[in-house]
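# Inside the fold
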Amino acid sequence: MDHNIYLIGLNHRSAGVDVRERYALTNVEEFEAGLLELGVREVMALSTCNRVEILVVCSPDITDRNILEYWAKRCGGSVRELEPNTYSHEGLNSVKHLFRVACSLDSMIVGEPQILGQLKESYRKAVEAGAARVIINRMLHKSFFVAKRVRTETSIASSAVSISYAAVELAKKIFGELQGQRAMLIGAGEMAELAATHLLNSGVEQISIANRTYSRAEELGKCMGGKAVPFENLYDHLVETDIIISSTGAPHAVISAKEMRKVIKKRKYRPMFFIDIAVPRDIDPDVNGLDNVYLYDIDDLKDVVEENKSQREDEAIKANSIVEFETLSFGNWINSLDLQPTIVDLFNRSEHVAQQELAKTLKRLGDVDAKTHKALETMAMSIGKKLLHEPVAFLKRRTEEEGKADEFVDLARRMFNLDNETIPADAHCGRKKKNNFED
Amino acid sequence: MTLFELFQYVIIALYLAGTVCFFIGSLKSNKILGKLGNLSAVGGFALHTLDLLLAVTLYKETVLSGGYFYFSLLGWSFILVYFGLWWKLRSTFFALTASPFALLLFIISLASQSLKVTIPAHLAGLFIGLHIGTIFVSIALMAMAAGAGVAFLYLNNKIKTKANLTGMGKEMPSLNTFDNVNHWSIIIGFPLYTLGLAAGFLWARAAFSKMFSWDPKEIVTLVVWFLFAFVFHQRIMMGWRGKKPAILVIIVFVITMISLWGINFFIPTHHSFKV
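This text gives an overview of the structure that appears in the document. (Residues numbered from 1 in each chain as written. Chains lettered and ligands numbered in written order. Predicted model: local features only at pLDDT ≥ 70, side-chain atom pairs only at ≥ 80, totals over all residues. Heavy atoms only, no water.)

### Some points on the sheet that holds strand β4 (residues 87-90) of chain A
All names here are of chain A. Spelled out, the test is: For two strands to be treated as a pair, DSSP must find at least two bridges joining them. In DSSP terms, a helix is any run of H or I states spanning at least four residues, a strand is any run of E spanning at least two, and both are numbered starting from the N terminus. Between N-to-C directions, angles span 0 to 180 degrees; the directions come from axes that are lines fitted to C-alpha atoms, helices contributing only their stretch in contact. Two residues qualify as a contact provided that any one of their heavy atoms is within 4.5 Å of a heavy atom in the partner residue.
The 4 strands lie next to each other as β2-β3-β1-β4, forming an open sheet whose pairing is antiparallel. Each end of this open sheet is capped by a strand with a single partner; those strands are β2 (42-47) and β4. Between one strand axis and the next, the sheet turns through 10° on average, direction left out of account. In this fold helix α2 (residues 28-38) packs onto β2 and β3 (51-58), with an angle of close to 150° to the strand it touches most, β2. Sheet strands in contact with helix α3 (residues 64-74) are β1 (4-11), β3 and β4, and its direction is about 40° off that of β1.

### Quick notes on the pairing of β1(A)
All names here are of chain A. Quick note on the threshold: Under the scheme applied here, a residue whose accessible area is under 20% of the maximum for its type counts as buried, over 50% as exposed, and between as partly exposed, the area being computed with a 1.4 Å probe on protein chains only.
Extensive coverage of β1 is indicated by the burial of 8 of its 8 residues. Of the two faces of β1, the one lined by N4, Y6, I8 and L10 and the one lined by I5, L7, G9 and N11 are each fully buried. Pairing of β1 with β4, which is carried by 4 bridges, proceeds in the antiparallel orientation. Along β4, the bridge assignment pairs Y6 with E90.

### A few points about the environment of A:Q118
Residue and element names in this part refer to chain A. Mapped onto the fold, Q118 is located in helix α6 (residues 114-128). With a relative accessible area of 2%, Q118 lands in the buried category. A C-alpha to C-alpha distance of 7.6 Å links Q118 and L46, two positions 72 residues apart in sequence.

### Remarks on the interface of chain A and chain B
Going by this rule: As used here, buried area is the combined drop in accessible area, with a 1.4 Å probe, of two parts when they are placed together. A side-chain nitrogen of Lys or Arg and a carboxyl oxygen of Asp or Glu constitute a salt bridge if their distance falls within 4 Å. By the criterion applied in these results, polar contacts are pairs of N or O atoms within 3.5 Å in which, for protein atoms, one can donate a hydrogen and the other can accept it, and in which residues neighboring in sequence qualify only through two side-chain atoms. For this classification, Asp, Glu, Lys and Arg are treated as charged, while Ala, Val, Leu, Ile, Met, Phe, Trp, Tyr, Cys and Pro are nonpolar and the rest, including Gly, are polar.
Listed as interface residues are 26 residues of chain A and, on the opposing side, 25 residues of chain B. Of the roughly 1,900 Å² buried where chain A meets chain B, counting both sides, 47% is carbon and sulfur surface. At the junction of chain A with chain B, the criterion picks out 1 salt bridge. For A:D300, the salt bridge identified is with B:K162, shortest N-O distance 3.3 Å. For the pair chain A and chain B, the number of links is 13 residue pairs in polar contact (both at pLDDT 80 or more). Broken down by secondary-structure element, the contributors of at least two residues to the side of chain A that touches chain B are α8 (163-175), β10 (293-297) and α13 (298-336) of chain A. A per-class count over the side of chain A that touches chain B returns 11 nonpolar, 8 polar and 7 charged.

### Overview of the pairing of strand β9 (residues 272-276) of chain A
Residues and elements named next belong to chain A. Formally: If you view a crossover with the strands going away from you and the path from the first strand over the helix to the second runs clockwise, you call it right-handed.
Among the 5 residues in β9, 5 count as buried, and that is most of the element. Across the two faces of β9 the burial is the same, with M272, F274 and D276 and F273 and I275 all buried. As judged from the 4 bridges shared by strand β8 (residues 243-246) and β9, these two strands associate in the parallel manner. In the sheet register, S246 faces β9, and the bridge partner there is D276. In this region the chain leaves β8, passes through helix α12 (residues 257-266) and returns to the parallel neighbour β9; the handedness of that crossover is right-handed. Here 5 bridges tie β9 to β10, and the two strands are oriented parallel to one another. Counterpart to D276 in the pairing with β10 is D297.

### Considering the packing of aromatic side chains
Put simply, the rule is: Pairing of aromatic side chains here covers Phe, Tyr and the six-membered ring of Trp, requires ring centres within 6.5 Å, and sorts the geometry by plane angle: under 30 degrees stacked, over 60 edge-to-face, intermediate tilted. In this scheme, Lys NZ or Arg CZ marks a charge over a ring once it lies within 6 Å of the ring centre and within 35 degrees of the ring normal.
Under the definition given, this model contains 25 aromatic pairs over all chains. Geometrically, the ring pair formed by B:F71 and B:W261 is stacked, given 5.4 Å between the ring centres and 10° between the ring planes. Note that B:F71 is positioned in helix α3 (residues 67-89) and B:W261 in helix α9 (residues 243-266), a separation of 190 residues in sequence. With a relative accessible area of 28%, B:W261 lands in the partly exposed category. Through successive ring pairs, a cluster of aromatic residues spans B:F190, B:Y193, B:W225, B:F226, B:F228 and B:F232. Directly above the ring of B:W86 sits B:R90, whose terminal nitrogen or CZ lies 4.5 Å from the centroid. Here the basic side chain of B:K162 rests over the ring of A:Y296, its NZ or CZ set 5.3 Å away from the ring centre.

### Details of the nonpolar core
Rule in force here: As used in this record, nonpolar core signifies buried Ala, Val, Leu, Ile, Met, Phe, Trp, Tyr and Cys residues forming a set joined through side-chain atoms within 4.5 Å.
The biggest cluster of nonpolar side chains holds 110 residues, and the ones touching the most others in it are A:L199, A:I243, A:I245, A:F273, B:F78, B:F94 and B:F178. Look past the residues within four positions of A:I243 in its chain and what remains in contact with it is A:A171, A:F175, A:L178, A:Q181, A:R182, A:A183, A:M184, A:L199, A:V204, A:F273 and A:I275. Of all hydrophobic cores here, the second largest spans 75 residues; its members include A:V95, A:F99, A:L119 and A:V323.

Given below as structure tokens:
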């Protein structure tokens, strides 16, 4: 049952965007099929804008170099160009790397959950293509379990680490649910659009757009499903607006504290949240001094994001120790895939069950003499051993068939629950098709 | 130990367990502890209700003149109001106010077995329900509004000063939720308080032949009523929200507590607790 596990890949740290673009896998299914034809036993490839990961289980006569050559050829590049931009892990190091990727410890923004969805999608495709089998199945299920454990036991993903997410989180802290709230975009900067999109996705009821060029506001309104409002009537519309994202290119403030004092009074002091992304700032900082008005500028939001990022780094230390522990546990399972440990485990399990049932029977029988006790014990052990005779002989025969042993040994271990493991229900992906998010 | 005493120890244990679960659950953002806290509070409240019913049924003649009954009933009202808020908001946050108060008041009620309350016999049965019932529920509502007010001021300050929200601050309900709790407590609490006060004055007229007798408790209660009326008016008519009503309700609640502990115990009054 000799096999090697390789994980070869490139990511945002090892390669520049041009290399990542050139060696991204456009048709993952075909790529996997090609590797299977090359003779690998199992393969799963993940390709996102920030990383390409190729996980392979193969016989010892195939090396990571062969995989790299295939990859370079497939993308019309060369190993000489590709190799310096990649990393290669073997054996348990591959397992550890996969777990780190699943937990988002290897992502550009540590703790962002998108990568897990991408990993599940790639795994689903590999299963459908018949490219993922015993070892990759187990590795991926385990990686989902580890990711879940990390999310449950650490607060690695509990704080916003992007400007737009931070803005949405703050809005929720002020208004609670965002359903029914009204937002306004002043100006049409890209980051403001992104923040507005996040707000809309979080349930904001209506968005209006005010821009000095009315046609641009109308265009953006059509695009975002909002309505354009004349820039001149800004304050009138603010009376009905709860969340304002401002990003004009104006050289001075477009919203003054003096006018806002009147607006908030007209609103009967319903809270307002201003997100000022413009530089120079669009909103008079004194606005934050008004009751029930909250103003965050780009630096304030950056501070929130940076602080959250540093908290995430602390949590990543805890997450890494979980990954280490689970990698060792996976190593034990890999080792048990050799036939001998499985036979030993099977007989131990059989003996354990026999002893348990014997104890129950003896308790029910009450006082029995030593001879009867011995006879019952011998009978219980013999039944266990005889029942296992055929399954063990079957496993030995399958071991002699190249490429089949892992599967049957794994099946036997699962049938008899020799690893005493419970795979969480949601670790089994591939039942539902998910969106392919960006990593 | 009588069944009655056993009941009381179990109620204390359940309220204590609830308080601990709510506090640790909020600090550690642990929802399971919040659920356990709720279970303990429900158990404690059920037994507490039974305890009060037994007290009224078994000791009908003496229960209304014992300090035990009043403190116990006030504690019970806190949990009752908390359940109302929980039903509306599905948030255990407000148990942080209700639960320790209920526990404290129940323990005090046990320590107040020897306290005697002067109750004019005249129309006592009718007015006890109306006067005490409405005043106690409105005090419990005031407490919830004050708790929500403190939380509002804390969170408002954090957001205004751009401080990062960590630990409990992160798990707190929104500013809007706290403001809504303030709003509901005031619009329900003030009419109830007014009704309780009116019932009290009518009772005084029947019992003492005059509605107002410059009793210190009556004076402070009127001060509270005026302040409460002011917040009520500003909220409903002027649209006040957020910081101002939060601060005012905290003041109203603090004066009410001073009145309860200071006047009832230490100053000669119709409402005096005597050992």
